[in-house]
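Structural characterization, general
One-letter residues, chain by chain:
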Amino acid sequence: MDDENFASAVDATTHMLDLLMSQPTIGKELDHKLVGWRRVKYPSRSGGFANLRIIYRVDKKTNRVELRAFGHRNNPVSIYSMATRTER
């Protein structure tokens, strides 16, 4: 990944995190091993394919967003596989 693409992906992720803070339920609820978690998908470049994901949940008592995983949906492995392997 070159510097321009990386910077664009960082900007897109920052924007999505800001959006999650103000609208934490915008993501889709997940199932199977990720019940209780949500995901949002978004492009790394404006107008591009939604190739990035953030997996998160909202603490109902504090309304804080807890991140489980974020990154490219399939590179180097599925973000969902990575999230289910993460130690808690």
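All of the points below concern the structure found in this document.

Thresholds, definitions, all that
- Residues numbered from 1 in each chain as written.
- Predicted model: local features only at pLDDT ≥ 70, side-chain atom pairs only at ≥ 80, totals over all residues.
- Heavy atoms only, no water.
- Helix = DSSP H or I, 4+ residues; strand = E, 2+ residues; numbered from the N terminus.
- Buried < 20%, exposed > 50% of the residue type's maximum accessible area, 1.4 Å probe, protein only.
- Contact = heavy atoms within 4.5 Å.
- Core = buried A, V, L, I, M, F, W, Y, C linked by side-chain atoms within 4.5 Å.
- Polar contact = N/O pair within 3.5 Å; in protein donor to acceptor, adjacent residues only side chain to side chain.
- Pairing = 2+ DSSP bridges.

All right, on to unusual backbone geometry then. For His32, which is not a glycine, the phi torsion comes out positive at approximately 60 degrees. Along the chain, His32 turns up in the loop between β1 (28–29) and β2 (38–42). The backbone of Asn63 sits at a positive phi, close to 60 degrees, despite the residue not being glycine. Summarising the element assignment, Asn63 is placed in the loop between β3 (52–59) and β4 (64–72).

Secondary-structure assignment places Thr25 in the loop between α1 (3–22) and β1. Exposure remark for Thr25: the relative accessible area of 59% places this residue in the exposed category. As a C-alpha pair, Thr25 and Val58 span 33 residues in sequence and 7.9 Å in three-dimensional space. Residues within four places of Thr25 in sequence aside, it is in contact with Arg38 and Tyr56.

Moving on: the nonpolar core. Counting residues in hydrophobic clusters, the biggest one holds nine residues: Ala9, Ala12, Met16, Leu20, Val40, Tyr42, Leu52, Ile54 and Tyr56. For this core, the secondary-structure elements that each account for two or more residues are α1, β2 and β3. Among the elements that take part in this core, α1 stands out by supplying four residues, more than any other.

One can find Arg38 in strand β2. Of the residues examined, Arg38 reaches a relative accessible area of 16% and is grouped as buried. Looking at Arg38, its side chain comes within polar contact range of the side chain of Glu29, at 3.3 Å. If sequence neighbours within four positions are ignored, Arg38 has contacts with Pro24, Thr25, Gly27, Lys28, Glu29, Leu30, Ile54, Ile55 and Tyr56.

The next point concerns the sheet that holds β4. What the four strands build is an open sheet, ordered β1-β2-β3-β4; its pairing is antiparallel. Strands with a single pairing partner mark the edges of an open sheet, and in this sheet they are β1 and β4. One ladder, built from two bridges, connects β1 with β2; its direction is antiparallel. Opposite Glu29, over in β2, you have Arg38 as the bridge partner.

Bear in mind that shape data such as this cannot, by itself, settle questions of function.
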